[in-house]
Amino acid sequence: MLLIQVQKIRNPLLFVLFTTLFFLLSACSKNDGAIATGELNIEGKPLERLTVNYLASPGAVGPIELAEDLGYLEPVKLNYTGIATGGPQGLQAAMSGDVDISSPSFTGSIVNVIASNAPIVAVAASYGSPPDDNRGYYVLEKSPIKQPHDLIGKKVAVNILGAQAEFMLKEWLKRGGLTADEIKQVTLVVVPPGSGEQALRQGHVDVSILNGPAIDRGGVRLLYRDWAMFGDKTLGIYAMSKRYLDKNPNTATQVVTGIARAFEWVNQHSREEVIARFEQIVKKRQRAENPDALKYWYGWGVSDGGRLKDEDFQIWIDWLVKDGQLKENKVNAQSLYTNKYNVYEKFK
């Protein structure tokens, strides 16, 4: 596995296993019983709850937030509970009951989590890899790093362990011909969300994920991008715990279908219209955040209302098996997700 500088757990799968156990145990004490509301969902079924706890990213608008602003969740309201630092954290928060739906999480992360027998399931796509997006993995302009072998002995910034950045880095290194022993010599450095640019420019790391304003400020050079390796695919998902779904199926249907409708709204409007809506949402919610990055939004890369398919997960199951993190036939793609709560097609 890649070495970790800040976190001392060296195996991301072990990290997921231990944190999953912790959150599952802590969840036992939470009171998540359904509450009769008297309100009905989009299918005319009684809503169990009228609020949904969720995590969000500063200076960004997620599909679930757009869905609320468009009125697609009504009468359900979102309750912001904190900042999303990465997919594994969002999945853990959903399992523990701290939130009702995960933050957008890398698909490979949920494969790992469910392989550890965690009672959670993917319910909708959250993002893809649109080719126009300028998000990528950057080095300083004068850096000698130009190819995978140049990263041996170097440091790469990630927001959290076991998430998309780590998967993509290892894939890039493997495609560049690095051996397992050579990959071990590349160090992951966990930095807080939004601090990757500073860490790169100050020389604390050699590679960092950048987009938007950080790129426009200049002095950086693109090393590789997710899209260049995997094309336009669903890379992120929303997930809910099985416990929550069992107790709140009608509220879950309202939320997931609202997200689906938000994706379709985006795909039917111009980029300029969508960004203008995002700016209004950020202004209305009045949080301490910088909205400058909104103008660099190029789409979520999600079609078909965010409905999930076997292929969205199989690519990462195969990847984990090949990498030695997952035993063959440990999980199958169909056990990882459900489209049961996405009834968008009925209401087009």
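Residues numbered from 1 in each chain as written. Predicted model: local features only at pLDDT ≥ 70, side-chain atom pairs only at ≥ 80, totals over all residues. Heavy atoms only, no water.

Caption draft 1: Highlighting the overall build of the protein. Along its length, the protein carries 13 helices and 11 strands. A buried classification covers 55% of the 348 residues belonging to the protein. Within the protein, residue pairs in contact and separated by at least 24 positions form 79% of the contacts whose partners lie at least 6 positions apart. Accessible area for the protein stands at about 15600 Å²; split by element, carbon and sulfur atoms hold 49% of it. (Helix = DSSP H or I, 4+ residues; strand = E, 2+ residues; numbered from the N terminus. Buried < 20%, exposed > 50% of the residue type's maximum accessible area, 1.4 Å probe, protein only. Contact = heavy atoms within 4.5 Å. Areas by Shrake-Rupley, 256 points an atom, 1.4 Å probe, with all protein chains shown as cover.)

Caption draft 2: Structural detail: the sheet that holds strand E6 (residues 136–140). Across the sheet, three strands lie side by side as E9-E6-E10; this open sheet has antiparallel pairing. Here the strands that pair on one side only, and so sit at the sheet edges, are strand E9 (208–210) and strand E10 (220–224). Strand after strand, the sheet turns through a mean of 55 degrees between neighbouring axes, direction not considered. Alignment of E6 against E9, held across three bridges, turns out to be antiparallel. Residue Tyr138 lies in a different strand from E9, and its bridge partner there is Ser208. Packed onto the sheet, helix H5 (residues 164–175) meets E6, E9 and E10 and runs at close to 75 degrees relative to E10. (Pairing = 2+ DSSP bridges. Axes fitted to C-alpha atoms, helices over the stretch in contact; angles between N-to-C directions.)

Caption draft 3: Main features of the packing of aromatic side chains. Inspection of every chain in the model, using the stated rule, returns 12 aromatic pairs. Between Tyr54 and Tyr80 the ring centres are 6.1 Å apart and the planes differ by 65 degrees, which places this aromatic pair in the edge-to-face class. Within this pair, whereas Tyr54 is found in strand E2 (residues 51–56), its partner Tyr80 is found in strand E3 (residues 77–83), the two being separated by 26 residues in sequence. What makes Tyr54 buried here is its relative accessible area of 5%. Residue Tyr80 is classed as partly exposed on the basis of its relative accessible area, which comes to 34%. Both rings, one in Phe263 and one in Trp300, keep their centres 5.8 Å apart while their planes meet at 90 degrees; by these two values the pair is edge-to-face. Of the two residues, Phe263 is situated in helix H11 (residues 249–267) and Trp300 in the loop between helix H12 (271–285) and helix H13 (310–323); the sequence distance between them amounts to 37 residues. When its relative accessible area of 10% is taken as the criterion, Trp300 is described as buried. Aromatic rings pair up to connect Phe106, Phe167, Trp316 and Trp319 into one cluster. Lying across the ring of Tyr298, Arg271 places its NZ or CZ 4.1 Å from the centre. (Phe/Tyr/Trp six-rings, centres within 6.5 Å; stacked < 30°, edge-to-face > 60°. Lys NZ or Arg CZ within 6 Å of the ring centre and 35° of its normal.)

Caption draft 4: Spotlight on the environment of Glu65. Looking at where Glu65 falls in the secondary structure, it is placed in helix H2 (residues 63–69). Between the C-alpha atom of Glu65 and that of Tyr54, which follows or precedes it by 11 residues, the distance is 9.6 Å. When sequence neighbours within four positions are dropped, the list of residues in contact with Glu65 reads Tyr54, Ala56, Ala60, Leu78, Ile281, Arg285 and Arg287. Among the polar contacts listed, one links the side chain of Glu65 to the side chain of Tyr54, at a separation of 2.9 Å. (Polar contact = N/O pair within 3.5 Å; in protein donor to acceptor, adjacent residues only side chain to side chain.)

Caption draft 5: Quick look at the pattern of salt bridges. Scanning the model with the defined rule gives 14 salt bridges in all. Arg135 is paired through a salt bridge with Asp226; the nearest N and O atoms lie 3.2 Å apart. Remark: Asp226 occurs in helix H9 (residues 226–230) and Arg135 occurs in the loop between strand E5 (120–127) and E6; sequence separation between them is 91 residues. With a relative accessible area of 27%, Arg135 lands in the partly exposed category. Where Glu289 meets Arg285, a salt bridge forms, and the shortest distance between an N and an O atom there is 2.8 Å. One connected set of salt bridges, linked through shared partners, spans Glu65, Arg285, Arg287 and Glu289. (Salt bridge = Lys/Arg side-chain N within 4 Å of Asp/Glu carboxyl O.)

Caption draft 6: Here's a closer look at the pairing of E5. Counting buried positions over the eight residues of E5 gives eight, a clear majority of the element. Two strands pair when backbone bridges link them, and E5 and strand E11 (residues 236–241) are joined in this way by six bridges, in the antiparallel orientation. Along E11, the bridge assignment pairs Val121 with Met240.

Caption draft 7: Broad picture of the nonpolar core. Formed by 94 residues in total, the largest nonpolar core has its most connected members in Leu66, Ile120, Leu151 and Phe313. Broken down by element, this core gets its largest block of residues, eight residues, from H11. With residues near it in sequence (within four places) discarded, Leu151 still touches Ile145, Val156, Leu169, Trp172, Leu173, Val186, Val207 and Leu223. Counting residues in hydrophobic clusters, the runner-up holds 11 residues, among them Val191, Leu200, Ala214 and Val220. (Core = buried A, V, L, I, M, F, W, Y, C linked by side-chain atoms within 4.5 Å.)

Caption draft 8: Summary view of H12. The first and last C-alpha atoms of H12 sit 21 Å apart over 15 residues, in line with the 21 Å expected at 1.5 Å per residue. Listing the buried residues of H12 in full gives Val274, Ile275, Phe278, Ile281, Val282 and Arg285. For H12, the arc enclosing every buried residue in end-on projection is 115 degrees, short of the 170-degree limit, so these residues lie on one face. Within H12, the exposed residues directed more than 90 degrees away from the buried face are Glu272, Lys283 and Lys284. Here the buried face of H12 lies against H2 and H11. Positive backbone phi, at 55 degrees, marks Gln286, one or two positions downstream of H12. (Expected span 1.5 Å × (residues − 1). Arc of directions from axis to C-beta.)

Take it as geometry only, folks, not as evidence of what the structure does.
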